[in-house]
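Secondary and tertiary structure notes
Given next are the chains, with one letter for each unit.
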Amino acid sequence: MTEEGSSGKRKRENRGGHGKRVSLKEDEGKSLFGNYTGYKRRRTGRDSDVDRRIELFKREWFAGKDVVDLGCNDGAVLIEIASKHSIKSGIGVEIDEKLILRGRDLLREEVSKFKPGNTATRGAYDAEVQKMKDWVPLSFRLAGVKGKPTNGSIDGEGYPFNITFVCEDMLNESAVYLTDDSCDVVLLLSVTKWIQLHGGDKALKSLFHRIFRGLREGGILILEPQPFHSYKRKIKLHSHLRENYSRIRLKPEKFVNYLTKKVGFESSQVVRDREEGEGLQFNRAIYLLRKGKSAH
């Protein structure tokens, strides 16, 4: 995310435009963007490796689908979904390069399980794995995502060769990973708070509309919003977050109504009701919203 621009832009923002922005350089380990390290462990606890959300997700939502995970953190959720549900392709988008590199490390670990036993090809395989810091599979190179191509020794089909991670601000409206009719599933899990704290209501509304346009007919958005009371705990981290917080009018409990009435999603369903997890640290509702046919 970029810093605020000229004074003229600042005035426009005060009249309801995008909120004041914080530079990633200002983060300094504060996780100003929700870019926590070890996030999966924070959610699952020390004694478990099970992400309760994924247990609720149905295979039919993902099998054979092109999936985009916005704000993917280190990519552990996307990798687990891909491994369990046979997705066609997956793109994980995260603003923090350190988390993207961690995601690529996790992906390398998965790729290593497919290491060929033939010693004649193992050397070439190992060389290709080393290139995976900038690796982009064939399907994404064709879609315009930049990266160094790999040769046939590792550019395989199916999991884990169909996953890539992109270091990008999800509010970048020119991003190539979310062009019109480009995917079947978008994951927006516990990131809406950070979008509003950094970009205000306008940034979130704009992203909702981009997601809708990016989904193909019958595509789904899986949404896990943070409750509004959790926003206040983070505004002390930066003055811009405090200012943006004070202007928020679209509260999380209104998201589904906005998405169906204003954005155009045909239907919504509750995947998990917040009360079902009452008392847990991450007690958050999850919704599935579906785009209808000919919904352009």
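Before reading further, recall that the structure is shown in the block above.
Worth saying up front: this structure is predicted, and the values here are computed from it rather than measured.

Let's talk about the overall build of the protein chain
A tally of regular secondary structure across the protein chain gives 11 helices and seven strands. A total of 296 residues make up the protein chain; the buried ones form 52% of that total. For the protein chain, the share of sequence-separated contacts (at least 6 apart) that also reach a separation of at least 24 residues comes to 71%. Put simply, the protein chain shows about 14,500 Å² of open surface, and 46% of that area lies on carbon and sulfur atoms.

Looking at helix α9 (residues 192-214)
The end-to-end C-alpha distance of α9 is 18 Å, clearly below the 33 Å that 23 residues give at a rise of 1.5 Å each. Helix geometry: α9 is bent most strongly at G199, by close to 125°. By the criterion of burial, α9 is predominantly enclosed, with 18 of the 23 residues buried.

What to know about the packing of α9 against helix α10 (residues 239-247)
For any two helices packed against each other, one specifies the crossing angle of their axes together with the interaxial distance. Across the interface, α9 lies against α10 with an axial gap of 8 Å and an inter-helix angle of 40°. Of the possible angle classes, the one that applies to α9 and α10 is oblique. Our pair here, α9 against α10, has a crossing hand that is left-handed. Note on element contacts: α10 touches α9 through H240, L241, N244, Y245 and R247, opposite Q196, L197, H198, G199 and D201. A breakdown of the residues in the contact of α9 with α10 according to their chemical character gives three nonpolar, five polar and two charged.

Here's the deal with the environment of N244
One can find N244 in helix α10. Note: C-alpha distance between N244 and D201 (43 residues apart in sequence) is 8.7 Å. Of note is the side chain of N244, whose polar atom sits 3.5 Å from the backbone oxygen of H198.

A word on the pairing of strand β3 (residues 163-167)
Counting buried residues in β3 gives four out of five residues, a clear majority hidden from the surface. As judged from the five bridges shared by strand β2 (residues 89-94) and β3, these two strands associate in the parallel manner. Residue pairing for β3: V93 is matched across the bridge by V166.

Some words on unusual backbone geometry
Cis geometry marks the peptide bond from Y159 to P160; its omega dihedral reads 0°. Residue position: P160 is located in the loop between α8 (138-142) and β3. Despite not being glycine, N73 shows a phi value in the positive range, around 60°. Overall, the relative accessible area of 8% leaves N73 in the buried class. Within the chain, S86 stands out as a residue other than glycine whose phi angle is a positive 55°. For S86, the location among the structural elements is in the loop between α5 (76-85) and β2.

Some remarks on the side chain of D69
Mapped onto the fold, D69 is located in strand β1 (residues 66-70). Of the side chains bearing the opposite charge, R53 lies closest to the buried D69, which forms no salt bridge; the N-O distance is 7.8 Å. Among all residues touching D69, those that are not within four sequence positions of it are V77, L78, I91, G92, V93 and L187.

Some details on the packing of α9 against helix α11 (residues 255-263)
Interaxial distance between α9 and α11 falls to 10 Å at its minimum, and their mutual angle equals 35°. Note that α9 runs across α11; the crossing there is right-handed. For the pair α9 and α11, contact is made by T192, Q196, L204, K205, F208, H209 and F212 and by F255, Y258, L259, K262 and V263, respectively.

Things to note about α5
An α-helical segment advances 3.6 residues per turn. Residues three or four places apart therefore align on the same side. Counting buried positions along α5 gives eight out of 10 residues, so the element sits mostly inside the fold. By the burial criterion, the buried members of α5 are A76, V77, L78, I79, E80, I81, A82 and H85. Positive phi appears at S86, one or two residues downstream of α5, with a value of about 55°.

Quick look at the environment of R108
Turning to its location among the elements, R108 is positioned in helix α6 (residues 97-112). When the C-alpha positions of R108 and F161 are compared, they lie 9.8 Å apart, and in sequence the two are 53 residues distant.

Focus on the sheet that holds strand β4 (residues 183-189)
Strand order in the open sheet made by the seven strands is β3-β2-β1-β4-β5-β7-β6, with mixed pairing throughout. A single partner strand is all that each edge strand has here, and the edge strands are β3 and β6 (267-272). Within this sheet the neighbouring strands show an average axis-to-axis angle of 20°, counted without direction. Running over the sheet, α6 touches β2 and β3 and is turned about 170° from β3. Packed onto the sheet, α11 meets β5 (215-224), β6 and β7 (286-290) and runs at close to 0° relative to β7.

Cut-offs and rules
- Residues numbered from 1 in each chain as written.
- Predicted model: local features only at pLDDT ≥ 70, side-chain atom pairs only at ≥ 80, totals over all residues.
- Heavy atoms only, no water.
- Helix = DSSP H or I, 4+ residues; strand = E, 2+ residues; numbered from the N terminus.
- Buried < 20%, exposed > 50% of the residue type's maximum accessible area, 1.4 Å probe, protein only.
- Contact = heavy atoms within 4.5 Å.
- Areas by Shrake-Rupley, 256 points an atom, 1.4 Å probe, with all protein chains shown as cover.
- Expected span 1.5 Å × (residues − 1).
- Bend = angle between axes of the 7 residues up to and from the residue.
- Axes fitted to C-alpha atoms, helices over the stretch in contact; angles between N-to-C directions.
- Parallel < 35°, antiparallel > 145°, perpendicular 65-115°, else oblique.
- Left-handed = near helix turned anticlockwise from the far one by under 90°.
- Nonpolar A, V, L, I, M, F, W, Y, C, P; charged D, E, K, R; others polar.
- Polar contact = N/O pair within 3.5 Å; in protein donor to acceptor, adjacent residues only side chain to side chain.
- Pairing = 2+ DSSP bridges.
- Lys, Arg positive; Asp, Glu negative; His and termini not counted.
- Salt bridge = Lys/Arg side-chain N within 4 Å of Asp/Glu carboxyl O.

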